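# Overview (structure and organization)
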Amino acid sequence: MSFRRGRRVGLDIGSVRIGVASSDPDGILATPLTVVRRTDEPAALRALREIIDEYEPIELLIGDPKSLDGAARAAAATALEFARRISVATSTPIRLVDERFTTVEAHHALAAAGKNSRQRREIVDAQAAVIILQNALEFEHNTGEPAGRGMPDEESEQ
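For the protein chain, an unreviewed UniProt entry supplies the name Putative pre-16S rRNA nuclease and the organism Brevibacterium koreense. Per UniProt, the protein chain has the following entry under Sequence similarities (unreviewed entry): "Belongs to the YqgF HJR family."

Laid out in structure tokens, this is it:
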């Protein structure tokens, strides 16, 4: 299998904010788009649906939060549940991609770019979405296989 041409949107789902990034159709570069506040979940879903309608991605690559040992924790269950709501709201295929260390990596990159802690807090989620998306793009370019895993059924293992 070769790289599937088409734009992708990456999401880093946090408890307060959702970082959003997009790629070009050739999957060369991921760029940050925005951060969506999650305090009002219906409004967050509407905002994500508008972004997805505008960018028309072939799939969403959503960070799959796991602990260092690879086990799913409480944050993973809530992120997966919200990913299911996004799936229903947008009808866009979703793949879950390992996101371990992406927020830490994003903080380091932003600090290296001269952003102070207040500035980083506002954009770190979008930068984490960039890292999730860029890693997935590189994986597919290198292997010819899509990164991550498909959305599990609600009854199956999370």
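Next comes the rest of the account.
A tally of regular secondary structure across the protein chain gives 4 helices and 6 strands. Scanning the protein chain from its N terminus toward the C terminus, one meets helices and strands in the order β-β-β-α-β-α-β-α-α-β. At a minimum sequence separation of 6, the contacts of the protein chain that also span at least 24 residues come to 68%. Split by element, the accessible area of the protein chain, about 8,200 Å² in all, is 50% carbon and sulfur.

A word on the pattern of salt bridges. One pass over the full model with this rule turns up 10 salt bridges. Asp26 is the partner of Arg5 in a salt bridge, and the nearest nitrogen-oxygen pair spans 2.8 Å. Note that Arg5 is positioned in the segment before β1 (8–13) and Asp26 in the loop between β2 (17–23) and β3 (30–37), a separation of 21 residues in sequence. What makes Arg5 exposed here is its relative accessible area of 58%. Judged by relative accessible area, which is 37%, Asp26 ranks as partly exposed. As a salt-bridge pair, Arg85 and Glu41 come within 2.4 Å of each other at their nearest N and O atoms. Of this pair, Arg85 sits in helix α2 (residues 74–90) while Glu41 sits in helix α1 (residues 41–55), and the two are 44 residues apart along the sequence. Residue classification places Glu41 among the partly exposed residues on the basis of a relative accessible area of 24%. The structure contains a network of salt bridges with shared partners spanning Arg4, Arg8, Glu59 and Glu140.

Further remarks concern the sheet that holds strand β5 (residues 94–98). One open sheet accounts for 6 strands, arranged β3-β2-β1-β4-β5-β6; its pairing is mixed. Sheet topology places β3 and β6 (149–150) at the edges, where each strand pairs with a single neighbour. Pairing of β5 with β6, which is carried by 2 bridges, proceeds in the antiparallel orientation. Within β6, the residue paired with Arg95 across the bridge is Gly150.

Rules used throughout
Each chain carries its own residue numbering, running from 1 in the direction its sequence is written. Owing to the predicted nature of the model, reporting of local features is limited to residues with pLDDT of at least 70; listing and counting of side-chain atom pairs is limited to 80 or more, with chain, interface and lining totals taken over all residues. Hydrogens and water are ignored here; the side-chain numbers use all heavy atoms of the structure. UniProt positions are given in the numbering used here, feature names are shortened, and annotations may be inferred rather than shown by experiment. Put simply, DSSP H or I for four residues or longer makes a helix, DSSP E for two residues or longer makes a strand, and each gets a number counted from the N terminus. Note on definitions: a residue-residue contact is assigned when non-hydrogen atoms from the two residues lie within 4.5 Å. Accessible areas in this description were obtained via Shrake-Rupley with a 1.4 Å probe; residue shielding takes into account the shown protein chains only. By definition here, a salt bridge exists when the distance from a side-chain nitrogen of Lys or Arg to a carboxyl oxygen of Asp or Glu is within 4 Å. Buried means the residue's accessible area, taken with a 1.4 Å probe over protein chains only, is under 20% of the maximum for its type, while exposed means over 50%, and partly exposed covers the values in between. Note: two strands are recorded as paired if DSSP finds a minimum of 2 bridges between them.

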